[in-house]
Amino acid sequence: MIDNEMRIELEKPIPGWAVSQHPTKPNRTVIHPMAVVDRLNSVFGFGQWMFSVEFISCDKSVQKTQRGDRDVYVSMVKGILEIPEHSVYLEQFGGSTNDDGGDALKGGATDALTKIASYLGICASIYRGH
């Protein structure tokens, strides 16, 4: 279980450096994954939580842009966050598009982690539009 004191710590605002506007989607916000990792470490302890990723796909695709067609990789993964001491097990899908297949997969993992973190209250205010 996550107690009230932990919930308060999880829901504290993250540093300003960790939030920015998405470079290509002006109506979306980017959360720096290190802020999520820092918050998980500070609340639960280093090495006391585990994040794993299950590969679903990473396919080459052509993205249409105003500057013409662009070869990209589109990834989909399932992220799993486990905090055994507190009986936490959360799953979420993530995805990313990138010129490099490895970076597309890492982006998918980051996408899944930040969404899972919102279930714990980390950056939840951003998902609420604040």
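Remember, it's a predicted structure, so these values are computed and weren't measured experimentally.

The rules behind the values
Residues numbered from 1 in each chain as written. Predicted model: local features only at pLDDT ≥ 70, side-chain atom pairs only at ≥ 80, totals over all residues. Heavy atoms only, no water. Helix = DSSP H or I, 4+ residues; strand = E, 2+ residues; numbered from the N terminus. Buried < 20%, exposed > 50% of the residue type's maximum accessible area, 1.4 Å probe, protein only. Contact = heavy atoms within 4.5 Å. Areas by Shrake-Rupley, 256 points an atom, 1.4 Å probe, with all protein chains shown as cover. Lys, Arg positive; Asp, Glu negative; His and termini not counted. Charge placed at Lys NZ, Arg CZ, Asp CG, Glu CD. Core = buried A, V, L, I, M, F, W, Y, C linked by side-chain atoms within 4.5 Å. 1 Å grid on protein atoms, 1.4 Å probe; cavity = no way out; pocket = protein on both sides within 12 Å on 5 of 7 lines; lining within 4 Å. Points joined across faces, edges and corners; volume = space filled by probe spheres on them. Nonpolar A, V, L, I, M, F, W, Y, C, P; charged D, E, K, R; others polar. Pairing = 2+ DSSP bridges. Axes fitted to C-alpha atoms, helices over the stretch in contact; angles between N-to-C directions. Salt bridge = Lys/Arg side-chain N within 4 Å of Asp/Glu carboxyl O.

What is the right way to look at the overall build of the protein in this model?
On a plain count of helices and strands, the protein comes out with four helices and five strands. The order of helices and strands in the protein, counted from the N terminus, is α-β-β-α-β-β-β-α-α. Oriented by its inertia axes, the alpha-carbon framework of the protein measures out at about 50 × 30 × 20 Å. Across the 130 residues of the protein, 35% fall into the buried class. Restricting to contacts in the protein with at least 6 residues of sequence separation, those with at least 24 account for 53%. Surface exposure of the protein reaches about 8200 Å², of which carbon and sulfur atoms provide 51%. With 13 positive and 16 negative side-chain charges, the protein shows a separation of 8 Å between the mean positions of the two kinds.

Can you help me understand the nonpolar core in this one?
The tendency in soluble globular proteins is for nonpolar side chains to be buried as a group. By size, the foremost hydrophobic cluster in this structure holds 24 residues, and its most contacted members are Leu-40, Phe-44 and Leu-120. When contributions to this core are tallied by element, the ones reaching two or more residues are helix H1 (4-11), helix H2 (33-44), strand E4 (68-83), strand E5 (88-98) and helix H3 (101-119). Considering each element in turn, this core owes the most residues, six residues, to H2. If we ignore the near neighbours within four places in the chain, the residues touching Phe-44 are Ile-2, Met-6, Leu-10, Trp-49, Ile-83, His-86 and Leu-120.

It is not clear to me how the layout of surface pockets should be interpreted in this structure. Could you clarify?
In this approach, a probe sized like a water molecule rolls over the atoms, and the result shows the empty space that is left. Taken as a whole, the largest pocket holds about 990 Å³ of empty space. When contributions to the lining of the largest pocket are tallied by element, the ones reaching two or more residues are strand E2 (29-31), strand E3 (50-65), E5, H3 and helix H4 (124-127). The element best represented in the lining of the largest pocket is H3, accounting for seven residues. Per-class residue counts for the lining of the largest pocket are six nonpolar, 13 polar and seven charged.

Could you clarify how one ought to interpret the sheet that holds E4 in this entry?
Consider a sheet: its strands pair through backbone hydrogen bonds, and that pairing is either parallel or antiparallel. Across the sheet, three strands lie side by side as E3-E4-E5; this open sheet has antiparallel pairing. The sheet is open, and its two edges are formed by E3 and E5, each paired on a single side. Between one strand and the next, the sheet's axes are offset by a mean angle of 10°, whatever the strand orientation. Taken together, the 15 bridges between E3 and E4 define a ladder with antiparallel strand orientation. Of the residues in E4, the one forming a bridge with Gln-63 is Arg-70. Here H3 sits on the sheet and contacts E3, E4 and E5; the angle it forms with E5, its principal contact strand, is near 140°.

How should the side chain of Arg-39 be read in this particular structure?
Inspection of the secondary structure assignment puts Arg-39 in helix H2. Buried within the structure, Arg-39 lacks any salt-bridge partner; Glu-9 is the closest side chain of opposite charge, at an N-O distance of 6.1 Å. Setting aside its immediate chain neighbours within four residues, Arg-39 contacts Glu-9, Leu-10, Glu-11, Lys-12, Pro-13, Ile-14 and Ile-122.

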